[in-house]
Number of protein chains: 2
Amino acid sequence: MTKTNAFAAILAGGSGTRMGNMEKPKQFLMLGEKPILIHTVEKFCISNCFDAVVVLCPETWLRQTQDLLKKHCPAFADKVVVTAGGVTRNDTVMNAIEYFEQNCEVDAESIIVTHDAVRPFVSQRIIEENIVAARAHGACDTVIPATDTIVESRNAETISAIPDRRNLYQGQTPQSFNLNKLKELMESLTEEEKGILTDACKIFVLRGQDVALVRGDSSNMKITYPQDMRLAQALLGE
Amino acid sequence: MTKTNAFAAILAGGSGTRMGNMEKPKQFLMLGEKPILIHTVEKFCISNCFDAVVVLCPETWLRQTQDLLKKHCPAFADKVVVTAGGVTRNDTVMNAIEYFEQNCEVDAESIIVTHDAVRPFVSQRIIEENIVAARAHGACDTVIPATDTIVESRNAETISAIPDRRNLYQGQTPQSFNLNKLKELMESLTEEEKGILTDACKIFVLRGQDVALVRGDSSNMKITYPQDMRLAQALLGE
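Residues numbered from 1 in each chain as written. Chains lettered and ligands numbered in written order. Predicted model: local features only at pLDDT ≥ 70, side-chain atom pairs only at ≥ 80, totals over all residues. Heavy atoms only, no water.

K.L.:
I'm lost on the packing of aromatic side chains in this one. Help?
P.N.:
Aromatic ring pairs are reported here in terms of the distance separating the ring centres and the angle at which the planes meet. Residue and element names in this part refer to chain A. On inspection of all chains with the given rule, the structure shows ten aromatic pairs over all chains. Ring centres 5.1 Å apart and planes at 40 degrees place the aromatic pair Phe7 and Phe100 in the tilted group. Of this pair, Phe7 sits in strand β1 (residues 6–11) while Phe100 sits in helix α4 (residues 89–103), and the two are 93 residues apart along the sequence. Each member of the pair, Phe7 as well as Phe100, carries the same accessibility label: buried. The structure contains a cluster of three or more aromatic residues connected by ring pairs, namely Phe7, Tyr99 and Phe100. (Phe/Tyr/Trp six-rings, centres within 6.5 Å; stacked < 30°, edge-to-face > 60°. Helix = DSSP H or I, 4+ residues; strand = E, 2+ residues; numbered from the N terminus. Buried < 20%, exposed > 50% of the residue type's maximum accessible area, 1.4 Å probe, protein only.)

K.L.:
Teacher, can you tell me more about the relation of the copies chain A and chain B here?
P.N.:
Two chain copies here: they are related by a rotation about an axis and a translation along the same axis. The two copies are related by a screw operation: chain A maps onto chain B through 180 degrees of rotation and 0.0 Å of translation along the axis, at an RMSD of 0.0 Å. Such a combination of rotation and displacement between the chain copies is what one expects of a two-fold axis. No C-alpha of chain A lies nearer the rotation axis than that of Leu231 of chain A, which sits 3.0 Å from it. Both copies share a contact surface, since 100% of the interface residues of chain A are interface residues in chain B too. (Least-squares fit on C-alpha atoms with pLDDT ≥ 70 in both. Contact = heavy atoms within 4.5 Å.)

K.L.:
For this particular structure, what's the right way to read the pairing of strand β7 (residues 139–145) of chain B?
P.N.:
All names here are of chain B. By the criterion of burial, β7 is predominantly enclosed, with six of the seven residues buried. When β7 meets strand β9 (residues 168–178), the two strands line up antiparallel, connected through six bridges. Among the inter-strand pairings, Cys140 is bridged to a residue of β9, identified as Ser176. Across four bridges, β7 lies against strand β10 (residues 212–215) in parallel orientation. Within β10, the residue paired with Cys140 across the bridge is Ala212. (Pairing = 2+ DSSP bridges.)

Written out as structure tokens, the structure reads:
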């Protein structure tokens, strides 16, 4: 198979306390005949854009995740690896980088595409445009124009500003990066910055680096709340 | 009936060109056994918070809107009036103010509650808290914490900022105001400002006036896209 020098990291939850109390993280809920996570993984395996696909899940879910992959997508078993996420999202991304560095041929041109496991409707167009934009600009974010009016309040009681909606976008994923550059910037974070910069694109922006916009899709929704499952089921039927 | 000195304006579309090409504006689509607009109007009629409820709709839909109200909520026929909206949202709000001034007992303490016709799941709590907040602060906006990461781009190509999500909210409606104050501020707009300030709360913010936040609800959704109808139908069944 031709090498693509692009690597996919599916973020399916860290091993941190945030997950500790949940009976079953959202990505393992069934959507149609398969868990949400499996829908997502399939999109990345089908694409032929990646040399490797890593799923980062809570440490306590490693075995179940591996079993689910074997059961639902045995054809992709050689392409997908399951490994443990970190305590924070940043740690999880760093775990992915480490995995690719230790197990794949990573160089100065390598691209890492990071994606939320709970966005199962990502399209091939979005994935491909991410790789192109990350190669061209060093970093990119998938966004759609903001549909709601966004209101800013610094005191949680009164409005401090209503920014012009025409300049606002809702962030989705994938977020994609030159792998070395992402690693370098993440390693440059102070402890204080690490607590604040939970979004990898924001690290690039704050360090003055370009982050290109890739056009997302309203169907590339994040499954967060119970009502999201109903919309997801409706989208699945289309 | 006790006077409440509060007036509700249901914004169901202006008479402008934006509506001109649509076969049927969203607010007239059926949701369960009734058009969306009727669900919304009922919430305001049931509440007993209002001396009058006005529905502002496209001029070409006046007759149909009146017929729908007679058919679906004859009990409220004496409380609800249908009148034409303006070309812009601001014009439509001004039409509502004029109607209340000419037909109701409006004074310095009067409150106007403006609401999108396509948000049929507004709750009684939200309506009541709007009136309380508008009386206390002169203006209020209904918001929920932003769930998506919001990205700002001034050139539509690269990210210029990713504001801290903890300070961001998604605007819903109602938006409620001291009626006289709203009128005064809207009349103070220059022609240029009118083109930009399509959100009444933003007029208050830009004129340095307090706008209090009222806690909305994710179920107080706006029906804008076809997929929203499916979610609305699911919410209706709850």
